[in-house]
Amino acid sequence: MLFDIDRRAFIASLGGAAAVNLMSHEARADALEEYSIRKLDEDVASAQSGQARTSSAAAGQAEKFPTMADIEARIDGSPTRRGVGNLFVGSSTRPITRLEPMPKRPTLTDFFEKRFKVAGSYNHVLQSATRALKTGMTEEVILACLLHDVAQAIMRVDHGWWGAQLFEPYIPEKSAFGIRYHQALRFYADEANGYEYPDLYRRTFGVDYTPEPYIEDTYKMVRKHKWYIEPRMVTVNDLYAFDPNAIVTMDPFVDIIGRHFKQPKEGLGFDNSPVAHMWRSIAFPDHPL
Ligand SMILES: [Fe+2]
Ligand SMILES: [Fe+2]
């Protein structure tokens, strides 16, 4: 989730992220006029995760999370559905713009620089992978962290499954396992491994949310799996990864990508793999059909 400089300035002008969270829904709507409340909630949540508890505690106040009904009520009249891919959505303050053309035989790095950056998950995944690198994770886990949320460019709903499918032909099995199942594991604490249920999810899903049965079943399966630690470590490195000010680049990951990502010589999208159309959809999101 990339944090736009205008939004940061705007949130700061309202007294900071903590202050925005304490405002009523109506007050925010007035203050922000045309601003998309959904996007703001996401940006505030992103910027605050890892800091929210500390800042609320420092202010002596408990953060007030929305309920599922509060979140449901925001659907009517919204211009887009919450699950739509980030590459396809603009907002009234950040309309979509023309995209840089892709090279003839695009590589993973081309997609990072020319598409995932625009879609907004670039900073987040690089920060997660940087943390994984610093905490001594295996290269399979570091790669999973680097790729874990970028499929949100095409689809946010079930992004773990979409992401694993997108990368599966090109990466180690353990990395794909980590990407697919981090989504379900995010809902379940594992204190022994350093993972707490995140406040971000109380904001995003509602304080009274419980995961759907397919997520629960997936969790139970993965919990007993011999590769449980792979997706679990993606969630552990995911949790503290939001920092709107951190400067990150692809450089530290070039060797890991070189060793573990099987770049097709025809370019991603043109290798006739079962997922080539998914890469083309990311390359050409302006095609009408
Ligand atoms: Fe994720
Ligand atoms: Fe993430």
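In what follows, the structure referred to is the one given above.
Overview of the structure.

### Here we look at the overall build of the chain
Here's step 1: Of regular secondary structure, the chain possesses 16 helices and zero strands.
Here's step 2: Out of the 289 residues belonging to the chain, those deemed buried represent 37%.
Here's step 3: Considering only contacts within the chain whose residues lie at least 6 apart along the sequence, 76% involve residues at least 24 apart.

### Some remarks on the environment of arginine 82
Here's step 1: Within the secondary structure, arginine 82 sits in the loop between helix H6 (68-73) and helix H7 (108-119).
Here's step 2: Expressed as a C-alpha distance, the spacing of arginine 82 and valine 157, which sit 75 residues apart in the sequence, is 8.2 Å.

### Some words on the packing of helix H9 (residues 139-147) against helix H11 (residues 173-185)
Here's step 1: At a minimum axis distance of 8 Å, the contact between H9 and H11 shows a crossing angle of 45°. Taken together, the axis directions place H9 and H11 in an arrangement best described as oblique. Crossing angle aside, the handedness with which H9 passes H11 is right-handed. Across from Glu140, Val141, Leu143, Ala144 and Leu147 in H9, the residues of H11 making contact are Lys174, Ser175, Gly178 and Ile179.

### Overview of the environment of alanine 184
Here's step 1: Mapped onto the secondary structure, alanine 184 falls in helix H11.
Here's step 2: A C-alpha to C-alpha distance of 9.6 Å links alanine 184 and threonine 235, two positions 51 residues apart in sequence.
Here's step 3: The residues touching alanine 184, leaving out its near neighbours within four places in the chain, are Gly160, Ile215, Thr218, Tyr219 and Val222.

### Some words on unusual backbone geometry
When glycine is set aside, most residues are seen to have a negative phi, and most peptide bonds are trans.
Here's step 1: One non-glycine residue, aspartate 158, lies in the positive phi region at around 55°.
Here's step 2: Secondary-structure assignment places aspartate 158 in the loop between H9 and helix H10 (159-167).
Here's step 3: Although it is not a glycine, asparagine 272 adopts a positive phi angle of roughly 60°.
Here's step 4: The class for asparagine 272 is exposed, based on 8 C-beta atoms found within 10 Å.

### Quick look at helix H8 (residues 122-134)
Here's step 1: Compared with an ideal rise of 1.5 Å per residue, which puts 13 residues at 18 Å, H8 spans 18 Å between its outermost C-alpha atoms and is within 8% of the ideal.
Here's step 2: Here H8 lies mainly inside the structure; eleven of its 13 residues are buried.
Here's step 3: For H8, the complete set of buried residues consists of Tyr122, Asn123, His124, Val125, Leu126, Gln127, Ser128, Ala129, Thr130, Arg131 and Ala132.
Here's step 4: Packed against the buried residues of H8 are H7, H9 and helix H14 (229-239).
Here's step 5: Remark: glycine 136 follows H8 within two positions and exhibits a positive phi of approximately 75°.

### Some points on the packing of H11 against H14
Here's step 1: Interhelical geometry of H11 versus H14 gives an angle of 60° and a closest axis separation of 7 Å. Compared by their axis directions, H11 and H14 come out oblique. Where H11 crosses over H14, the two elements pack in a sense that is right-handed. Residues Lys174, Phe177, Gly178, Tyr181, His182 and Leu185 of H11 touch H14, and the partners they reach there are Glu230, Pro231, Arg232, Val234, Thr235 and Asp238.

Reading the values: rules and limits
- Residues numbered from 1 in each chain as written.
- Chains lettered and ligands numbered in written order.
- Predicted model: local features only at pLDDT ≥ 70, side-chain atom pairs only at ≥ 80, totals over all residues.
- Helix = DSSP H or I, 4+ residues; strand = E, 2+ residues; numbered from the N terminus.
- Buried ≥ 20, exposed ≤ 12 C-beta atoms within 10 Å, placed from the backbone.
- Contact = placed C-beta atoms within 7 Å.
- Axes fitted to C-alpha atoms, helices over the stretch in contact; angles between N-to-C directions.
- Parallel < 35°, antiparallel > 145°, perpendicular 65-115°, else oblique.
- Left-handed = near helix turned anticlockwise from the far one by under 90°.
- Expected span 1.5 Å × (residues − 1).

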